[in-house]
Amino acid sequence: MTAAPHPAPSLNLDSFPAGFRALVIGASGGIGQAFVQALQDHPRCGEVIALHRQSTPRLDLDDETSLADAAQALRGTGAFHLILHAAGVLHGAGFMPEKKLGDLNYAQLEATFRINTFGPALVLRHFCPLLDPGRSVLAVLSAKVGSIGDNRLGGWYSYRASKAALNMLLKTAAIEMQRSRAQAVLVSLHPGTMHTRLSEPFRGAQIGRSAADAAADLLGVLNRLTPGDSGGFFAYSGERLPW
Ligand SMILES: NC(=O)c1ccc[n+]([C@@H]2O[C@H](COP(=O)([O-])OP(=O)(O)OC[C@H]3O[C@@H](n4cnc5c(N)ncnc54)[C@H](OP(=O)(O)O)[C@@H]3O)[C@@H](O)[C@H]2O)c1
């Protein structure tokens, strides 16, 4: 009996080469797991490597050495056509997003920036060199609330600012990468509200959609992006967002 062929995938990833290699950082989280699953299920994707705090190699955004070591461990395995950075924090041990200036404190600002901004900056440093010299995409999960132009409600100081700064780092890296890897596409993404651990305290289960749906939408957007889009900030709908 011959094996049944893969069903025609509804998710089109044809802009990536057949058998493409993908890396998901923050693969233990809601959308991180959904990215890994969608890529593992996709016939065009040849290999998905999933990194997180408990993986081998381990990657902890709070530990600079672990970032360098993880990149070094993967260096000899071949280039990546797709790198997704899906980690981030909104609330943590002992803190929730600030509602007013009076809530601001160094511990929360620093903890949020270490995970949402400084860690991803070092991901850019250590993992951009692992991108394939041909078509390649590196995307970081940002958030629309990190848009300065779109900030109408206020609040959530640390989270908003950490994502705005992440967007600047991404844009700056995209400019540098254009000089050495002209085919590379580096973008910030907004996934929309999803039902994950991160959104749980904010009625994520009621107002969010599944991470699987968000992952499929974002992969579809990435499939359509070209080097001319590099350095941009895109929503799951494909809409370009204001900085
Ligand atoms: N959920 C939403 O509605 C929403 C909306 C807009 C933007 N986003 C963004 O989407 C991204 C993913 O969020 P999510 O909803 O999937 O959240 P999630 O389920 O809470 O996952 C967060 C991920 O970040 C990882 N992480 C946290 N601290 C880390 C550290 N020190 N080192 C390495 N990894 C660390 C977690 O690892 P552990 O499993 O080890 O804790 C987990 O893999 C975030 O950047 C978030 O800002 C989410």
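See the structure shown above.
Conventions adopted
- Residues numbered from 1 in each chain as written.
- Predicted model: local features only at pLDDT ≥ 70, side-chain atom pairs only at ≥ 80, totals over all residues.
- Heavy atoms only, no water.
- Axes fitted to C-alpha atoms, helices over the stretch in contact; angles between N-to-C directions.
- Helix = DSSP H or I, 4+ residues; strand = E, 2+ residues; numbered from the N terminus.
- Parallel < 35°, antiparallel > 145°, perpendicular 65-115°, else oblique.
- Left-handed = near helix turned anticlockwise from the far one by under 90°.
- Contact = heavy atoms within 4.5 Å.
- Nonpolar A, V, L, I, M, F, W, Y, C, P; charged D, E, K, R; others polar.
- Pairing = 2+ DSSP bridges.

## Concerning the packing of helix α1 (residues 30–41) against helix α6 (residues 211–224)
Part 1 of the reasoning: Between α1 and α6, whose axes approach to 8 Å, the crossing angle comes to 60°. With respect to each other, α1 and α6 are oriented oblique. Seen from above, α1 lies across α6 with right-handed handedness. Contacts between α1 and α6 pair Gly30, Ile31, Ala34, Phe35, Ala38 and Leu39 from the former with Ala211, Ala212, Ala214, Ala215, Leu218 and Leu219 from the latter.
Part 2 of the reasoning: For the contact of α1 with α6, a count of residues per class yields 11 nonpolar, 1 polar and no charged.

## Points about the sheet that holds strand β6 (residues 233–235)
Part 1 of the reasoning: Pairing is parallel across the open sheet formed by 6 strands, whose spatial order is β2-β1-β3-β4-β5-β6. The sheet terminates laterally at β2 (45–51) and β6, the two strands that pair on one side only. Strand after strand, the sheet turns through a mean of 20° between neighbouring axes, direction not considered.
Part 2 of the reasoning: As judged from the 6 bridges shared by strand β1 (residues 20–25) and β2, these two strands associate in the parallel manner. Residue pairing in the sheet places Arg21 in a bridge with Glu47 of β2.

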